[in-house]
Amino acid sequence: MRTYLPVNKNKMLVGLIKPWSVFTTSFKLGLVLMLSSFINNLSAITITSNTGARNWSDVASWVGGVVPTVNDDVIIASGTTMTVDNIFSCKSLTISGTNAAADMNTSVLIGAAGRTLTVTNATTLEAPSTARSNLFIRATNGGRLNSGTIVMYDTGGNQRDAYIEIGASGIVISRGNITMNSTNTLRNYILFSGNGRLITQGTITGGNLTSAAGGGDTAPTTGDVLYNSTSSQTIGSYTYYKLVLAGNSAKLLTSNLTIDNTLDLSGARLQLGSYDLVINSNVAAAITPGVAFGVGNHIEINGTGRVTRNAATGSPFTIPVGSDGYYTPIIFSNINNNTGLLYFRTE
């Protein structure tokens, strides 16, 4: 059986190629979107750094001589110290641990006000392939990293660190989760070396928060962590120096929570569930209102969890608790016996 295509007397195909005007609007839109996606994929490339001490703005810092743009996946090659010397963006950022030599660090440094690196998708710190080699990102002196998710690989050895350092006035923002894949606190950690800030719209898991160079189990002695999602958020299981909660949403505990300095409630309901909140500071204002305490900004007793404070706390002070949609604060004007611990909860 043969199939014939319709032709006219000039032997031209008839009815197979239609004018653009006869196609439906949805077909046209779909075609335009496919073409747009195709063009974007063509323009997005992976750009790898050259090794050594480099500046992000310098074309000589990059293989191929092209400074990355917001559409590009960036790999910082082992043995590179990359200084972010202005405002830059990329699609993803990988700090490579491949072919790392002993005593070799690979890093991204954001060390001055007005210097910002924005990563649309994930920032990944791989595992160094050799002992005594570290991978890290340092934001200090007003420098800023703004990323999607942040992931640190388990390095496989205590002399191989993958970490983020936040120094004085440095800011690290994660618009998703921060995942430290190792539970060994000498391998993955967030190092607060100054009074900088970590902001997350997800949660934090693994590793540790610390101020000890080289990591470890000790708690931070400076810096603050801000959870500010407008959706409910789970608070990572760490000891915090200063914890700030915002976003006008619920913040949930999955373990007992210890704060050594200050809890700043700036528009959040901290739901204890079956876990305790321990405030170690003796300062009366250790629980402080970033905005006024009230129904939408308090510690919610929604289980067996308690608020614990040292009896030596200066007075007067307020325990901003509530439950079942009510705000029922406990206010202390004076404590006669200021030894031991004080426990607070509502029934």
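### Here we look at the pairing of strand β29 (residues 307-310)
Here strand β26 (residues 277-279) runs beside β29; their pairing, made up of three bridges, is parallel. Within β29, the position partnered with Ile279 by the bridge is Arg309.

### Let's talk about unusual backbone geometry
Here Ser169, not a glycine, exhibits a phi torsion of approximately 65°, which is positive. Along the chain, Ser169 falls in the loop between β13 (162-166) and β14 (171-174). Here the phi dihedral of Asp324 falls at roughly 55°; this positive angle occurs in a residue that is not glycine. Residue position: Asp324 is located in the loop between β31 (321-323) and β32 (326-327).

### Describing the nonpolar core
One finds Trp56, Leu93, Leu117, Leu263, Leu277 and Ile299 to be the most contacted residues of the largest nonpolar core, which totals 62 residues. Take this core: its biggest share by element is four residues, from strand β24 (residues 257-265). Not counting chain neighbours up to four residues away, the residues in contact with Leu93 comprise Trp56, Val74, Ile76, Leu117, Val119, Ala122, Thr123, Thr124 and Ile137. Of all hydrophobic cores here, the second largest spans six residues; its members include Ile173, Leu226, Val244 and Ala246.

### Considering the sheet that holds strand β4 (residues 80-83)
Adjacent strands of a sheet form backbone hydrogen bonds with each other and so pair up, either parallel or antiparallel. Pairing within the open sheet is parallel, and its seven strands lie in the order β2-β4-β7-β10-β13-β16-β19. Two strands in the sheet have a free side with no partner beyond their single neighbour: β2 (52-55) and β19 (209-210). Two elements, strand β16 (residues 188-192) and β19, share two bridges in a ladder whose sense is parallel. Bridge assignment links Ile190 to a residue of β19, and that residue is Leu209.

Rules used throughout
- Residues numbered from 1 in each chain as written.
- Predicted model: local features only at pLDDT ≥ 70, side-chain atom pairs only at ≥ 80, totals over all residues.
- Heavy atoms only, no water.
- Pairing = 2+ DSSP bridges.
- Helix = DSSP H or I, 4+ residues; strand = E, 2+ residues; numbered from the N terminus.
- Core = buried A, V, L, I, M, F, W, Y, C linked by side-chain atoms within 4.5 Å.
- Buried < 20%, exposed > 50% of the residue type's maximum accessible area, 1.4 Å probe, protein only.
- Contact = heavy atoms within 4.5 Å.

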